[in-house]
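Each chain is listed here by its residues.
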Amino acid sequence: MSIGLLALLDDVAMLVDDTAVVAKIAAKKTAGILGDDLAVNAQKASGFAASREIPVLVAITKGSLKNKFIILPFAFVFSAFIPWIIIPILLLGGIYLSYEGFEKVYEYFTHQHIEEEDNVPLNEEQKIQSAIRTDFILSIEIVIIALSTVVQENLMTQLLVVSFVAVLATIGVYGVVALIVRLDDMGLTFIELGVAQKKKWLVRFGELLVSALPKIIRALTVIGTIAMLLVAGGIFVHNIEALHHIVKHIPSLVAELGVGIVVGAFAFILKSTIDKLRNS
């Protein structure tokens, strides 16, 4: 009995150890897309009244967790019964990420804002639902990318690793977003405290925090765009053998960014052409 228990504990320890190693790899693979996830959600969670920022973030976080619980079972079923479909889904997601990244680059250099449904003035509930819809698309990519790193592992390892990465992504991203959108309120608190205590350094620090919020969101947008293109390019480079051989002598970052831009440009031109034909 004791020997059996020790063997069981040893198996559990080995599983935990293997899971930790694979989870670290999966987390690194999804790190790029998390930059875009963070930038997008920081933008969508800002602009509310101070008293509503945290309730709005809580609502979006709940929606994000629901998204993960919807996506995860399908991902595990695909992995168990039709694992070949993981790569095509990954490539489709790569096209989407390339398009989104290139669209932002296009807007920046041409100063033309692409009209989207979400740009129409929305009330609080509509903004929350818009953020949750965007999170759903990004969550699919996070789950599929994480799953692609463990698709050769046993089912239990897949369940533990992908679920861990999915939940960690939600908690990590929205935890950081909560800190970012509250920076201006923290700054105002420091300013009031500095004035009350007649300490100029507190006032200056508070002013720094207030002025930092829009700059941080802009910086995250740039970082997120680059991350999207790198992740998308990496998906194509690592999953299309012919493409991998073509760019194998180019530095990986340059190759992945270049491929992401090229695929995004083709997707952008194709969509623009279809839209023009539809509206003509």
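Throughout, a residue's number is its position along its own chain's written sequence, starting from 1. Per-residue local features are limited, in this predicted model, to residues with pLDDT of at least 70; the limit for side-chain atom pairs, both in listing and counting, is 80 or more; totals at the level of whole chains, interfaces and linings are taken over all residues. Calculation of side-chain values draws on the structure's entire complement of heavy atoms; hydrogens and water are dropped beforehand.

Asker: Account for the overall build of the protein chain, with residues named and values stated.
Answerer: The numbering of helices and of strands both runs from the N terminus, where a helix is a DSSP run of H or I of at least 4 residues and a strand a run of E of at least 2. Per the secondary structure count, the protein chain includes 9 helices and 0 strands. Starting at the N terminus, the α and β elements of the protein chain follow one another as α-α-α-α-α-α-α-α-α. Accessible area is worked out with a 1.4 Å probe on protein chains only. A residue is then buried under 20% of its type maximum, exposed over 50%, and partly exposed in between. Residues counted as buried form 39% of the 280 residues belonging to the protein chain. Taking the contacts inside the protein chain whose residues are at least 6 apart along the sequence as the reference set, 77% of them involve residues at least 24 apart. All accessible-area figures derive from a Shrake-Rupley calculation using a 1.4 Å probe, and residue coverage is judged against the displayed protein chains alone. Looking at the protein chain as shown, the accessible area adds up to about 16100 Å², and 71% of this sits on carbon and sulfur atoms. Any two residues having at least one pair of non-hydrogen atoms within 4.5 Å are treated as being in contact.

Asker: Could you give an account of the nonpolar core, naming the residues involved and the relevant values?
Answerer: Nonpolar core, defined: a set of buried Ala, Val, Leu, Ile, Met, Phe, Trp, Tyr and Cys residues in which side-chain atoms within 4.5 Å join the residues together. By size, the foremost hydrophobic cluster in this structure holds 24 residues, and its most contacted members are Leu72, Leu97, Val143, Leu147 and Val162. The set of elements that each furnish at least two residues to this core consists of helix H2 (50-81), helix H3 (86-110), helix H4 (124-150), helix H5 (155-181) and helix H7 (200-239). Per-element tally for this core: the top contributor is H4, with 8 residues. Grouped together as the second largest cluster of nonpolar side chains are 10 residues, Ile60, Ile132, Val177 and Val181 included.

Asker: Requested: an account of the packing of H3 against H4, with residues and values cited.
Answerer: In helix packing, the relevant descriptors are the interaxial angle and the interaxial distance, both defined with respect to the helix axes. To obtain an axis, a line is fitted to C-alpha atoms, over the contacting stretch when the element is a helix, and the angle between two such axes runs from 0 to 180 degrees between their N-to-C directions. Taken N-terminus to C-terminus, the directions of H3 and H4 make an angle of 135 degrees; their axes are 10 Å apart at the nearest point. By the angle class used here, H3 and H4 are oblique. In this structure, H3 meets H4 at a crossing whose hand is left-handed. Listed contacts from H4 to Ile86, Ile89, Leu90, Gly93, Gly94, Tyr96 and Leu97 of H3 are Ile137, Leu138, Glu141, Ile144, Ile145, Leu147 and Ser148. Basically, the charged four are Asp, Glu, Lys and Arg, the nonpolar ten are Ala, Val, Leu, Ile, Met, Phe, Trp, Tyr, Cys and Pro, and anything else, Gly included, counts as polar. For the contact of H3 with H4, the per-class residue count stands at 10 nonpolar, 3 polar and 1 charged. Here the angle decides the label: under 35 degrees means roughly parallel, over 145 means roughly antiparallel, 65 to 115 means roughly perpendicular, and every other value means oblique. Left-handed describes a crossing whose near helix is turned anticlockwise from the far helix by less than a right angle; the clockwise case is right-handed.

Asker: So, the packing of aromatic side chains: which residues are in play, and what are the values?
Answerer: Put simply, two rings from Phe, Tyr or Trp (the six-membered ring, in Trp's case) pair if the centres are within 6.5 Å, and we call them stacked under 30 degrees between planes, edge-to-face over 60, tilted for the rest. Under the defined criterion, the tally for this structure stands at 5 aromatic pairs. Each member of the aromatic cluster is reached from another via a ring pair, and the members are Tyr99, Phe102, Tyr106 and Phe268.

Asker: Talk me through H7; I want residue IDs and the actual numbers.
Answerer: With 40 residues, H7 should reach 58 Å at 1.5 Å per residue; the first-to-last C-alpha distance of 56 Å fits that figure. The seven residues ending at a residue and the seven starting there each receive a fitted axis; the angle between those axes is the bend at that residue. At Ala212, H7 is bent by approximately 40 degrees, the largest bend along its length, and proline Pro214 sits one to four residues beyond. Expected span of a helix: the number of residues minus one, times 1.5 Å.

Asker: Outline the environment of Ala212, listing residues and values.
Answerer: In this fold, Ala212 is placed in helix H7. The exposure class assigned to Ala212 is buried, which follows from its relative accessible area of 18%.

Asker: Requested: an account of a nonpolar patch on the surface, with residues and values cited.
Answerer: Patches in this entry comprise residues that are over 30% relatively accessible and not in a salt bridge; like charges within 9 Å are linked, as are nonpolar side chains (Val, Leu, Ile, Met, Phe, Trp, Tyr) within 5 Å. A carboxyl oxygen of Asp or Glu within 4 Å of a side-chain nitrogen of Lys or Arg is what we treat as a salt bridge. A cluster of nonpolar side chains, contributed by Leu155, Met156, Leu159 and Leu160, occupies part of the molecular surface with about 330 Å² of accessible area. Residue placement: Leu160 occurs in helix H5.

Asker: Account for the confidence of the model for the protein chain, naming residues and giving values.
Answerer: On average, residues of the protein chain score 76 in pLDDT, and 77% of them are at 70 or above. Predictor confidence is given residue by residue as pLDDT, running from a minimum of 0 to a maximum of 100. When the elements of the protein chain are averaged for pLDDT, helix H1 (residues 2-45) gives the smallest value, 51, and helix H9 (residues 252-279) the largest, 90. Counting interchain partners and residues more than four positions distant, the pLDDT-below-50 stretch residues 1-19 has 6 contacts. Here residues 115-120 is a poorly scored stretch, pLDDT under 50, and it has 6 contacts once near neighbours within four places are set aside; other chains count.

Asker: Mind laying out the environment of Ile60, listing which residues take part and the relevant values?
Answerer: Summarising the element assignment, Ile60 is placed in helix H2. Along the chain, Ile60 and Asp135 lie 75 residues apart, while their C-alpha atoms are 8.7 Å from each other.

Asker: How would you explain the environment of Ile226 if you had to name every residue and give the values?
Answerer: Locating Ile226 in the fold gives a position in helix H7. Owing to a relative accessible area of 40%, Ile226 belongs among the partly exposed residues under this scheme. A sequence separation of 128 residues divides Ile226 from Ser98, and the C-alpha atoms of the two residues are 10.0 Å apart.

Asker: Please provide a residue-by-residue account of the pattern of salt bridges, values included.
Answerer: Counting across every chain of the model gives 1 salt bridge. Notably, a salt bridge pairs Lys271 with Asp275, separated by 3.0 Å at the nearest N-O pair. One end of the pair, Lys271, and the other, Asp275, are both in helix H9, 4 residues apart, so they sit about a helical turn from each other.

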